[in-house]
Amino acid sequence: MLIDEETENKEIAKQYKDLLKISYLQLSAVDKKLIRLAFNTAVDAHKTQRRKSGEAYIFHPIAVAKIVASEIGLDATSIAAALLHDTVEDTEYTLDDIERLFGNTVAKIVHGLTKISHLKKDKDVSLQAENFRKMLLTLNDDIRVIIIKIADRLHNMQTMDAMPEYKQVKIASETLYIYAPLAHRIGMYNIKTELEDLSLKYTEPNRFDAIKDKIEQSQEEQTQYIKAFSKFLKTSLDKEDLNYFIKGRSKSIYSIHKKMQKQSINYEQVFDKFAIRIVYKSMPKDEKFLAWKIYSIVTDHFTPNPTRLRDWISSPKSNGYESLHITVMGPNNKWIEVQIRSERMHEIAEKGYAAHYRYKQGDEKDSGIEGWLNRLQEVLESKDSSAIDFVENFKLNLYAEEIFVFTPQGELKSLPQGSSALDFAYSIHTEIGSKTRGARVNGKLVPLSRTVKSGDSVEIITSQNAKPTANWLDYVITSRARNKIKSSLNEEKNKIAEEGKEILRRKLKHLRVENNEKTIQQLVLYFKVNSSLDLFYRVGLGTVDNRKLKEFATTYNNSFLNFFKKRLRAKPGKSIAEGEGFVSRYDKLVFGKEREELQYKLSPCCNPIAGDKVFGFVTINEGIKVHQYNCSNAVSLQSSYAYRIVPAWWIDSGEQEFTAELVLHGIDQQGLVNQVTRVISNSMNVDIKKINFQTEEELFKGTLTMRVNNKQTLKKLKQRLLKITGIEKVARQ
Ligand code: MN
């Protein structure tokens, strides 16, 4: 490609001037000096680099800075950091250089952005999730890191045409999975929408084009409709001396697409393709009053649907969004959503955090974002949640709509929709959560699992003796509560594991097996447990079979040989390649909370194998199809058909609980029943469901129904029962 340098330099200079012009915040002379220096530095740093498209690299940081300055409306520090965001990562410049030239704050933000870039962009979903977690960790330095990263991603998405197709799809899925929800949560709705639309453009181009065409075709019709709507209101609004404008707002391509998919309808059947916005000028003190005045005028002309009233003015969303939404029967008997908001609210809705920040001048703390950061911090600190759990929980919380619940003192708390009384307890304080005994909703005693609704008043009853149980995990949906419950459960487990570790050490010594990391790893595989912690825990509980441990010891010296034998037998690919070693320890797939065995097919698009992280997807014609979590179809399935996803796990069928019935025959004698029940209650992992004893003359017949964890346990129990004097026969029914 021939590049005319002079023309290019002119264009760079023009872009730079533009950047200063379009800044949303007023820039002082000092600000401009800082930005100028950042610009010069970036130009110098990237002077020899070009983007895939062939243009000079510097256009990218300038474009990102423009998004940061204008669309998001951040300060000069952020604009400078955006200009410099790729310097340390890609050029000779070091972080020390940046710090020397720009001081600590800019350097810290650039450092955060460099760290994010360093995370290897890998195909492995767990790795990606782990990266994401690390990325969020950098958030604690400065939220501007994340906002600039989103701007960076937006510009990359806008200029993705030069990339190979497989990369486009990968980047687009990642954007849908991570960046769009983040932008949403921070309240940057415009950017979120653009990210989603661009993602669709690359993941489903035909779909994207089709919807885009349709929207363009209906543009004229929409304009006419808004005109007709406005005409009805104009006289009444003008009479009240209101300073306002009325505008149409189209639903995004992505959200129309999602709606069509979700309800299996075509474009024409999507009824709320656009909304009407009434934006008015107001002094801060009159804002709410005017909103309801306009509401009253609108509903004088058009009948409202009372179930669709949303008052985000009295209770703003925690990201700062304020607006009054109603749906009315408009001209042509069409339901139409009307959003009423002041200019200030409008700016917050468009620009999100930054605008919010601007209106909250001074040192007033922004509780929404602060609270959000604090919650994130808590999740990040809990070391127990695996990276994938973390992302899943986090995503759940990002998309969940909020509800508002009152404490007995009348304080308002926001929770994700679907939260239970127990979630509420944990949201107040961990101490309260973990000591919860019961809950009263609106004065009535309810189960802890009861979902709370907006407007409920919730009182938590605590007791010093209460403590979390495993069941509680089913009662909560917030990651905060889940993590706190898990960590209290784990504390107990850790204690037992600690003892188990010591016991195992003694046993191995006795068996002359070297006690080191490698042996423990082999034992983990040998006993088909998930981790060394699980192994120690089982030893601590006493459920590890001593005979099997001895068997392990005898083959110990031949372990290398075994390893290669198994390796030969193992399926090629995955587990070995990823260094897991040995064959997979899972062999059965179960679905849903009840861990049911269902008919399924492994999806050919990602070919999951035993042990992979998978989920089931209910198809229309072919039953359940199982995909890997990191399957390229997973994101779109998960985001569009969440209701058709069934959780699935690989389990070790040897460890699956089952119900067994034993029938005992023998000669009745004194104390026999007592002995039988003692044997059973002394057996590990046996849970009695039903017992029935009958005697006829001196003959005895007993029927036992129980849940046992595996056949081995059942066999042992049978042997022990047979040892009881008088018992002749023990048979499985
Ligand atoms: Mn970049």
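What counts, and at which threshold
Residues numbered from 1 in each chain as written. Predicted model: local features only at pLDDT ≥ 70, side-chain atom pairs only at ≥ 80, totals over all residues. Heavy atoms only, no water. Phe/Tyr/Trp six-rings, centres within 6.5 Å; stacked < 30°, edge-to-face > 60°. Helix = DSSP H or I, 4+ residues; strand = E, 2+ residues; numbered from the N terminus. Buried < 20%, exposed > 50% of the residue type's maximum accessible area, 1.4 Å probe, protein only. Lys NZ or Arg CZ within 6 Å of the ring centre and 35° of its normal. Donors = N, O, S within 2.8 Å, 3.2 Å for Na, K, Ca; no water. Pairing = 2+ DSSP bridges. Axes fitted to C-alpha atoms, helices over the stretch in contact; angles between N-to-C directions. Salt bridge = Lys/Arg side-chain N within 4 Å of Asp/Glu carboxyl O. Contact = heavy atoms within 4.5 Å. Left-handed = near helix turned anticlockwise from the far one by under 90°. Nonpolar A, V, L, I, M, F, W, Y, C, P; charged D, E, K, R; others polar.

Caption draft 1: Broad picture of the packing of aromatic side chains. By the definition in use, this model includes 9 aromatic pairs. Relative to F302, the ring of F232 lies with its centre 5.3 Å away and its plane at 70°, an arrangement referred to as edge-to-face. Here F232, found in helix α12 (residues 219-239), pairs with F302, found in the loop between α14 (287-301) and β3 (303-304); they are 70 residues apart in sequence, far enough to count as distant. Look at F302 and you get buried, because its relative accessible area is 5%. Three or more aromatic residues link up through ring pairs in this structure, and these residues are F229, F232 and F302. Sitting over the face of the ring of Y225, K334 holds its NZ or CZ atom 4.8 Å from the ring centroid. The ring of Y526 is capped by K548, whose NZ or CZ atom sits 5.8 Å from the centre of that ring.

Caption draft 2: Layout of the coordination of the manganese ion. Listed as protein donors to the manganese ion are H60 (NE2), H85 (NE2), D86 (OD) and D152 (OD); their distances from the metal cover 2.2 to 2.5 Å. Between consecutive donors of the manganese ion, the numbers of intervening residues give the motif H-x24-H-D-x65-D. Of the two residues, H60 is situated in helix α3 (residues 59-72) and H85 in the loop between α4 (76-83) and α5 (87-90); the sequence distance between them amounts to 25 residues. Taken as a pair, H60 and H85 share a single burial class, namely buried.

Caption draft 3: Just the sheet that holds strand β12 (residues 588-591), in detail. Strand order in the open sheet formed by 5 strands is β12-β16-β14-β15-β13, with mixed pairing between adjacent strands. If you trace the sheet from one side to the other, it starts and ends with β12 and β13 (600-602), each paired once. Ignoring strand direction, the axes of neighbouring strands in this sheet form an average angle of 35°. Where strand β14 (residues 614-618) and strand β15 (residues 624-628) come together, 5 bridges link them in antiparallel fashion. Its bridge partner lying in β15, G616 is registered against V626.

Caption draft 4: Structural view of the pattern of salt bridges. Within this structure, the stated rule accounts for 22 salt bridges. The salt bridge involving E268 is made with K214; its shortest N-O contact spans 3.3 Å. Taken together, the residues span a long stretch of sequence, with E268 in the loop between α13 (253-263) and β2 (274-280) and K214 in helix α11 (residues 205-217) at a distance of 54 residues. Residue classification places K214 among the partly exposed residues on the basis of a relative accessible area of 32%. Where E459 meets R440, a salt bridge forms, and the shortest distance between an N and an O atom there is 3.4 Å. Of the two residues, E459 is situated in strand β11 (residues 458-462) and R440 in strand β9 (residues 436-441); the sequence distance between them amounts to 19 residues. Judged by relative accessible area, which is 33%, E459 ranks as partly exposed.

Caption draft 5: Quick peek at the sheet that holds β9. Reading across the sheet, the 3 strands line up as β10-β9-β11 and stay open at both edges, with antiparallel pairing between neighbours. Only two strands of the sheet have a single partner each, and these edge strands are β10 (444-446) and β11. Pairwise comparison of adjacent strand axes, ignoring direction, gives a mean angle of 35° for this sheet. Relative to β10, β9 is paired through 3 bridges, and the arrangement is antiparallel. Bridging across to β10, A439 finds its partner in V446. Across the sheet, helix α19 (residues 421-428) lies against β9 and β11, angled at about 80° from β11, the strand it touches most.

Caption draft 6: Expanded view of the packing of helix α8 (residues 143-158) against helix α10 (residues 189-203). Their axes nearest at 10 Å, the elements α8 and α10 cross at an angle of 35°. For α8 against α10, the interelement crossing comes out left-handed. The segment α8 lies against α10, with I150, R153, L154, M157 and Q158 engaging I191, E194, L195, L198, S199 and Y202. Taken together, the residues of the contact of α8 with α10 sort by class into 7 nonpolar, 2 polar and 2 charged.

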